[in-house]
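# Residue-level structural notes
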Amino acid sequence: MDLSGSSLNRSQSLASGLEKTSHTWNKPAHSQSSSTLSSRHSRQIIKDWEVIDDLQVEMQGAGDDPQDRTAPGICEGYLLKRRKWPLKGWHKRYFVLEGGILRYSKNQQDVARGRVQGSLDVSLAVISINKKSNRIDLDAEDILYHMKAKSHELFYIWVTKLQAHRLYKKNEAAHLHSSVLHTLSLPTAAEQAQRNGDLSATGMADSAGVSGVLPSANTAVNTKVSAWLQQSHNPDICVQELNRCHLDLSELNRLIQRLQALEVGQAFTNGDLQRIISIQNLSLEKPKKPKSGKIWGHSRTLSRVEALGMVRMPIRGITKSLSSSHLSNSAHLGASVPCIPDYVYSQLSPSTVNSPEGKKIQQDIYAMSQRVLNSLKSVHETLSQERQKLQAVWDANNMHQSNTLAQPEAVRHSSQGPPSVADSAAEYFDASDDILWGSSSEVSDESGLSDGSTTNSEPEEGHTSATRKYRASISRTPNSVVPKSTGRRTKLPVHCPDNSHVGLVAILYNNIGKDLARVSMPAVLNEPINLLQRLCEELEYSELLDTANNTSDPYQRMVYIAAFAISGYSTATFRNRYKPVNPILGETYECIREDRGFRLISEQVCHHPPISACHADSENFSFWQDQRWKNKFWGKSLEILPTGMVNVTLPRYADHYEWNKVATCIHNVFSQQRYLEHYGEVIIKNLKSNICTCKITFVKSRYWGSETNKNEVQGVVLDQSGSAIHRFGGLWHEGIFCDTLPTPKCIWKPNQQPKDYLLYYGFSSFAMELNELPSDLKPLLPPTDTRLRPDQRMLEDGRVDEADKKKDEIEEMQRERRKELGKRGEEHVPRFFKRSKDSSGRDVWLTNGTYWKLRENPGFANLENLTLW
Ligand SMILES: CC(C)CCC[C@@H](C)[C@H]1CC[C@H]2[C@@H]3CC=C4C[C@@H](O)CC[C@]4(C)[C@H]3CC[C@]12C
């Protein structure tokens, strides 16, 4: 057997993610916008580089025995290492990978002498690989290694080993964490006596009696914590339960694949095959001309998991078990892994679901799902209980801590309400992800990125305890009763489609340096709301502006304006899986909300760069902004930096407030642990009076630093001399509390999410109403209104494939119109907004005041309108 041939084949398989992704969303060449897959250069990037994401690593672990924490074998040898900047070129270095740590020395002798030149914890690094050039880059933020293997075999072995060590190190870290908890909970003789005592009596009574002297208060709290730890083995049970879940899910996945294969039977099409393959996390390149006699002749790729040799898979009736150790021996390369298409075909045994086998699988799937559900329920319950206990300890601690901020009454007499799911979720994510935070400098280099220090999101002194108190008060504030019925729809026509199979890696890598707002993506990645509507969404809590306009005290007024500014970010809480549709140049949107007393129009006013402008009026306020954003891709995360100021005027006090927006970051963009974070500082100024300003900080969560403080916001209203008049804070997804108002209170809390909101893109009720098209409204809208845009409507109706096609057509029409205009030497002129300068000389887009007049008379049906679709 041709060893190098087969190992080459295998190293290709490591990049299967990329090949798969480009397959899954490739569009016909004619319909690709200028921003999709267009340049030769970007094609190059997608073909050559892949980030090995966490998902793969997790999957790799899926088949492992969770208890098995034996370190993967040591891997060592020479690799080429790029010289440190500013030096150029490569030099040979001896690398040793052991226990998840990669060390390197000048040569093997130096290793023996213990002379190490550098080391890196691979669990903290982003691993990027380039199979063509055998390159491996490790980026652990401050440490960056560019390495090159001499051969494909070596390359492959190193990548495999790096992943195995990374997984091992990650598990180790998790294990360490639980061991620390365990050690803490080992009872001392004295503590043993307390073991059966009443938990609340011990800590609470002690701490209350000690008149606020901190050390003894801490002792009391410590006693309480250790009592809790002693009593509670729940975290361990949770870990076990989750491990079981993990295994069940892998089994479930296998059963589903099996069933799908049965369903498809013999009559599968190419598309089906590809779907099945992608479900199985396999990738199949378009067959190249077969070279007779060579098994790698038609190109094929393995599942990444299989490629790593970490799973057991049935091969023609025999279950072969592969471990990474097979792979460290190159003699095994090519020998132990079967031809993947064969494997897939073997899965597609001709049969139907009516077959007894199919029925049995269905039953198994049902039973297994039920088990997973029950496990998750029990984990959720346990965690809620644990959290409640912690909350009690925390509250006890709070009673003893003197504080710079006035402490609201509500905190002192705390009742321990059950934690919100959002609370627990926020804390949960904290524990796992930031440890892996990092960015690929190659990527950031290519996209011309800075160091990310674009925003200041350093919290103020003492903020953590303040936020905790605010948070406690907020959670005790009841939700604004039952949401009022607006008579509008309460759900969308269909559930959102699953888009987890879409190859984001390819899309993002392919569009590095481009405006995401201009990147054409497959419709299945879109939510049926576009950016014009999203601007309107920021008015979901417009009642805060109504309150501001009815508040005579200018400092308090500012507090409400600030709460409004923060409330606009809460829409993002459950919205990180889909992207708003990009509006077409000239597209418009109107929103009349008599119940809320405002009406809004928005228009896509510019294409290069994409700018959406909006203007809303009400008795109590005017609100306008034009928005465009820049995005920076950091290899694992996507940072969105909106430009443009938000403006609000309040007629009663002739105020004109103006503020900037903060950055939004989509962390772990390729993995299931994706989440959104907003960070930076918002400064609100009243252009009509300098009596006060407001500073809001969206606190950036730090490495291991803020377990419970994700989504923190804190703010201060300053008078002319810079003294703080009001302080407020909380979390942008949970609410804001202000304790300096005459009656300290929660000034804003998000509305309850509608039923089944996760099945409807995570939309709030307000968001669900945005694209609703009542029949009496239809004839009054200009044909450019988003509600009439066919692809978005198709998407909303669940006709995703049609939406995709239509979207291409519409984008193509837009290009045609541009060309036509270009030929005539003309430029598009927005219909309802005009370009202007604000008081600081910035370019802004303001309403030209014609929309509502034209709508009334003569009506858009009697006017000449743009034909956009
Ligand atoms: C799945 C993929 C394609 C990525 C998903 C990208 C989503 C999560 C991104 C794309 C555009 C982003 C929005 C762009 C602009 C703003 C305005 C800002 O004031 C609040 C955040 C907000 C509303 C962003 C939220 C996150 C967002 C919706």
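Residues numbered from 1 in each chain as written. Predicted model: local features only at pLDDT ≥ 70, side-chain atom pairs only at ≥ 80, totals over all residues. Heavy atoms only, no water.

## Some thoughts on the overall build of the protein chain
- The number of helices and strands found in the protein chain is 27 helices and 28 strands.
- Across the 869 residues in the protein chain, those meeting the buried criterion constitute 53%.
- Put simply, the protein chain shows about 39,100 Å² of open surface, and 54% of that area lies on carbon and sulfur atoms. (Helix = DSSP H or I, 4+ residues; strand = E, 2+ residues; numbered from the N terminus. Buried < 20%, exposed > 50% of the residue type's maximum accessible area, 1.4 Å probe, protein only. Areas by Shrake-Rupley, 256 points an atom, 1.4 Å probe, with all protein chains shown as cover.)

## Brief notes about the site of the ligand
- As a matter of local geometry, the ligand sits amid 17 residues, with Arg534, Arg577, Lys661, Thr664 and Arg674 nearest to it.
- Burial of the ligand by the protein amounts to 98% of the accessible area it has alone, namely 610 Å².
- Counting atoms within 2 Å of the grid points, the majority share of the ligand lands in the largest cavity.
- Mapped by element, the contributors of at least two residues to the shell around the ligand are strand 16 (622-633) and strand 20 (663-667).
- Each residue belonging to the shell around the ligand can be placed in one class, and the counts come to eight nonpolar, three polar and six charged. (Near = heavy atom within 4 Å. 1 Å grid on protein atoms, 1.4 Å probe; cavity = no way out; pocket = protein on both sides within 12 Å on 5 of 7 lines; lining within 4 Å. Sits in = over half its atoms within 2 Å of the grid points. Nonpolar A, V, L, I, M, F, W, Y, C, P; charged D, E, K, R; others polar.)

## Re the packing of aromatic side chains
- The full count for this structure, using the stated rule, is 21 aromatic pairs.
- On the numbers, 6.0 Å between centres and 80 degrees between planes, the contact of phenylalanine 832 with phenylalanine 860 is edge-to-face. Note that phenylalanine 832 is positioned in the loop between helix 26 (800-823) and strand 27 (833-837) and phenylalanine 860 in the segment after helix 27 (851-856), a separation of 28 residues in sequence. The same class applies to phenylalanine 832 and to phenylalanine 860, which are both buried. (Phe/Tyr/Trp six-rings, centres within 6.5 Å; stacked < 30°, edge-to-face > 60°.)

## Overview of the side chain of asparagine 526
- You can see asparagine 526 is positioned in strand 11 (residues 526-530).
- From its side chain, asparagine 526 meets the backbone oxygen of proline 580 in a polar contact 3.5 Å long.
- Look past the residues within four positions of asparagine 526 in its chain and what remains in contact with it is Met521, Tyr578, Lys579, Pro580, Val581, Tyr761, Leu795 and Lys807. (Polar contact = N/O pair within 3.5 Å; in protein donor to acceptor, adjacent residues only side chain to side chain. Contact = heavy atoms within 4.5 Å.)

## Overview of the sheet that holds strand 1 (residues 49-52)
- If you trace the eight strands from one edge of the open sheet to the other, you get 1-6-7-8-2-3-4-5, paired in antiparallel fashion. Whereas interior strands pair on both sides, the edge strands pair on one side only; in this sheet they are strand 1 and strand 5 (118-121). Taking each pair of neighbouring strands and ignoring which way they run, the sheet shows an average axis angle of 30 degrees.
- Taken together, the six bridges between strand 7 (residues 135-140) and strand 8 (residues 143-148) define a ladder with antiparallel strand orientation. Among the inter-strand pairings, isoleucine 136 is bridged to a residue of strand 8, identified as methionine 147. (Pairing = 2+ DSSP bridges. Axes fitted to C-alpha atoms, helices over the stretch in contact; angles between N-to-C directions.)

## So, the pattern of salt bridges
- Applying the stated criterion across every chain, the model contains 33 salt bridges.
- A salt bridge links aspartate 137 to arginine 135, with the shortest nitrogen-to-oxygen separation between them at 3.3 Å.
- A relative accessible area of 11% means that arginine 135 is categorised as buried.
- Aspartate 797 is the partner of arginine 799 in a salt bridge, and the nearest nitrogen-oxygen pair spans 3.7 Å.
- One continuous salt-bridge network, built from bridges that share partners, spans Glu527, Arg534, Glu537 and Arg575. (Salt bridge = Lys/Arg side-chain N within 4 Å of Asp/Glu carboxyl O.)

## A word on helix 23 (residues 554-567)
- Given a rise of 1.5 Å per residue, 14 residues ought to cover 20 Å, and the 20 Å separating the end C-alpha atoms of helix 23 matches this to within 8%.
- The residue sitting at the N-terminus of helix 23 and contributing the capping side-chain oxygen is aspartate 553; that oxygen lies 2.9 Å from the backbone nitrogen of tyrosine 555. (Expected span 1.5 Å × (residues − 1).)

## Quick look at helix 26
- The end-to-end C-alpha distance of helix 26, which contains 24 residues, comes to 35 Å, matching closely the 34 Å that a straight helix rising 1.5 Å per residue would cover.
- Against the buried residues of helix 26 lie strand 11 and helix 25 (790-796).

## Some remarks on the pairing of strand 19 (residues 655-659)
- Across the five residues that make up strand 19, a large majority, five, are buried.
- Where burial is concerned, the two faces of strand 19 agree: the one with Asp655, Tyr657 and Trp659 and the one with His656 and Glu658 are both buried.
- Linking strand 18 (residues 646-650) back to strand 19 in an antiparallel pair, the connection comprises four residues, with alanine 654 at a positive phi of about 50 degrees.
- Direction of pairing for strand 19 relative to strand 21 (residues 675-686): antiparallel, over a ladder of three bridges. Within strand 21, the position partnered with tryptophan 659 by the bridge is isoleucine 684.

## With respect to the nonpolar core
- Core analysis: the largest hydrophobic core is formed by 89 residues, its most contacted members being Trp659, Ile684, Ile696 and Phe728.
- Per-element tally for this core: the top contributor is helix 23, with 10 residues. (Core = buried A, V, L, I, M, F, W, Y, C linked by side-chain atoms within 4.5 Å.)

## Here we look at empty space enclosed by the protein
- One pass over the full model with this rule turns up 15 cavities of 30 Å³ or more.
- Empty space within the largest cavity amounts to approximately 750 Å³.
- Elements that contribute at least two residues to the lining of the largest cavity include exactly helix 20 (504-510), helix 21 (531-537), helix 23, strand 12 (579-581), strand 16, strand 17 (638-643), strand 20 and strand 21. (Points joined across faces, edges and corners; volume = space filled by probe spheres on them.)

## Section: the side chain of threonine 664
- Turning to its location among the elements, threonine 664 is positioned in strand 20.
- You can call threonine 664 buried: its relative accessible area is 13%.
- Separated by 2.9 Å, the side chains of threonine 664 and histidine 678 make a polar contact.
- Look past the residues within four positions of threonine 664 in its chain and what remains in contact with it is Leu638, Glu639, Ile640, Leu676, Glu677 and His678.

## Comments concerning unusual backbone geometry
- Note that the residue after histidine 608, namely proline 609, is joined by a cis bond; omega there is 0 degrees.
- Along the chain, the position of proline 609 falls in the loop between strand 14 (598-606) and strand 15 (611-618).
- Of the consecutive residues asparagine 857 and proline 858, the connecting peptide bond is found in the cis state with omega at 10 degrees.
- Residue placement: proline 858 occurs in the segment after helix 27.
- Of note in this structure, asparagine 668 is not a glycine but carries a positive phi near 50 degrees.
- Relative to the elements of secondary structure, asparagine 668 occurs in the loop between strand 20 and strand 21.
- Look at asparagine 668 and you get buried, because its relative accessible area is 7%.
- Although it is not a glycine, aspartate 756 sits at a positive phi angle of roughly 55 degrees.
- Looking at the secondary structure, you find aspartate 756 in the loop between strand 26 (745-748) and helix 24 (765-770).

## Looking at the pairing of strand 13 (residues 588-593)
- Most of strand 13 sits inside the fold, with five of its six residues counted as buried.
- Bridge analysis of strand 13 against strand 14 gives six bridges, and the strand direction is antiparallel. Bridge pairing in strand 14 places arginine 593 opposite phenylalanine 598.
- If you look at the hairpin formed by strand 13 and strand 14, you'll find four residues sitting between the two strands, and glycine 597 has a positive phi there, around 80 degrees.

## Some remarks on the confidence of the model for the protein chain
- Residues at a pLDDT of 70 or more form 65% of the protein chain, whose mean pLDDT is 73.
- Ignoring residues within four places in sequence, the model shows residues 399-455, a span with pLDDT below 50, making 132 contacts including any to other chains.
- Low pLDDT, under 50, characterises residues 703-707; the stretch is placed with 11 contacts to residues that sit more than four places away or in other chains. (pLDDT = per-residue confidence, 0-100.)

## Some words on the environment of lysine 745
- Structurally, the position occupied by lysine 745 is in strand 26.
- Given a relative accessible area of 37%, lysine 745 falls into the partly exposed group.
- When the C-alpha atoms of lysine 745 and phenylalanine 728 are compared, they prove to be 9.6 Å apart, with 17 residues separating the residues in sequence.
- With residues up to four places along the chain from it excluded, the contact list for lysine 745 reads Tyr560, Ile736, Phe737 and Cys738.

## Details of the environment of isoleucine 256
- Assignment of secondary structure puts isoleucine 256 in helix 10 (residues 234-264).
- Each C-alpha atom, one on isoleucine 256 and one on aspartate 364, is 9.8 Å from the other, the two residues being 108 residues apart in sequence.

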